Amino acid sequence: MNKETANTGSSASGEIGRPDRRTFLQKLGVAGALAGFSGFTFQFFRSLIPNVLYEPSRRFKVGYPDHLAEGMTFLDEKRLYLFREGKSYYAISGSCTHLGCTVRYSKFQKPIERELDGEMVQIPFEFQCPCHGSRFYADGTNYEGPAPEPLRWYKLELAPDDGQLVVNLEDEVDRYFRLTV
Ligand code: FES
């Protein structure tokens, strides 16, 4: 009787409770392992994606040469002036070399004559900066206001895949550059 009572007592306090606790701890262990594995898996796949900022390309197509209008075309979103003179093409930045405001194209009523690089040239238009009054001749030469340098010229090339005009903002060229197509 005493033995029975002792067994029952021991079951009530330990034998019944122990398997429940063990199961609970096992489940907790499995859950922890799964959480750890998920975290590791996430980190692994995340590490395959490079940490880079995707900036707009510095080299972009602007259409087919023969579709470009004769004279000046302004690409607003790129702040770039494209010029076509028959079969020749060139590109001048619209960003003022003082503090970067967008310069405006302004055509003279009558071309003016100026000496540039020891040569008298006819200048049909200029660029004017609305911010602090800098002015640039048609070839980008700064001649008035605080702009310290001429406007930048960028290289034009033809895309090898489809023949479109490509502007390369990473390649500055001098003001004599022309792409002849
Ligand atoms: S930003 Fe053009 S003159 Fe200052």
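For the structure given in this document, a descriptive report is provided here. Values in this document were obtained by computation on a predicted structure and should not be read as measured data.

1. A closer look at the overall build of the chain
Reasoning step 1: Counting secondary structure elements, the chain contains two helices and 11 strands.
Reasoning step 2: Mapped from its N terminus to its C terminus, the chain presents α and β elements in the order α-α-β-β-β-β-β-β-β-β-β-β-β.
Reasoning step 3: In the chain, the share of contacts with a sequence separation of at least 24, taken over all contacts with a separation of at least 6, comes to 41%.
Reasoning step 4: Total accessible area computed for the chain in this model is approximately 12400 Å², and 55% of it derives from carbon and sulfur atoms.

2. Here's the deal with the side chain of Glu157
Reasoning step 1: Looking at the element boundaries, Glu157 is found in strand 9 (residues 153-158).
Reasoning step 2: One polar contact links Glu157 to Arg59, side chain to side chain, over a distance of 2.6 Å.
Reasoning step 3: In this view, Glu157 contacts Arg59, Gln164, Leu165, Val166, Asn168 and Leu179; residues no more than four positions away in its chain are not counted.

3. Observations concerning the pairing of strand 4 (residues 88-93)
Note on strand geometry: in a regular strand, side chains alternate between the two faces of the sheet.
Reasoning step 1: Judged by how many residues are buried, strand 4 sits mostly within the fold: six of six residues are covered.
Reasoning step 2: Here strand 3 (residues 80-85) pairs with strand 4 via six bridges, running antiparallel. Within the sheet, the bridge partner assigned to Phe83 lies in strand 4 and is Tyr90.
Reasoning step 3: Linking two consecutive strands that pair antiparallel, namely strand 3 and strand 4, is a turn of two residues; a positive phi of about 65 degrees is found at Gly86 within it.

4. A short note on the side chain of Thr141
Reasoning step 1: With respect to the element layout, Thr141 can be found in the loop between strand 7 (135-137) and strand 8 (142-144).
Reasoning step 2: There is a polar contact of 2.8 Å between the side chain of Thr141 and the side chain of Asp139.

5. Regarding unusual backbone geometry
Reasoning step 1: Its identity is not glycine, yet Arg79 carries a phi of approximately 50 degrees, on the positive side.
Reasoning step 2: Structurally, Arg79 can be placed in the loop between strand 2 (71-75) and strand 3.
Reasoning step 3: Here Arg79 falls in the partly exposed class, since its relative accessible area comes to 30%.
Reasoning step 4: If you check the backbone angles, Asp117 has positive phi at about 55 degrees while not being a glycine.
Reasoning step 5: The residue Asp117 is located in the loop between strand 5 (104-116) and strand 6 (119-128) in this model.
Reasoning step 6: The class for Asp117 is exposed, based on a relative accessible area of 60%.

What counts and how
Residues numbered from 1 in each chain as written. Predicted model: local features only at pLDDT ≥ 70, side-chain atom pairs only at ≥ 80, totals over all residues. Heavy atoms only, no water. Helix = DSSP H or I, 4+ residues; strand = E, 2+ residues; numbered from the N terminus. Contact = heavy atoms within 4.5 Å. Areas by Shrake-Rupley, 256 points an atom, 1.4 Å probe, with all protein chains shown as cover. Polar contact = N/O pair within 3.5 Å; in protein donor to acceptor, adjacent residues only side chain to side chain. Buried < 20%, exposed > 50% of the residue type's maximum accessible area, 1.4 Å probe, protein only. Pairing = 2+ DSSP bridges.

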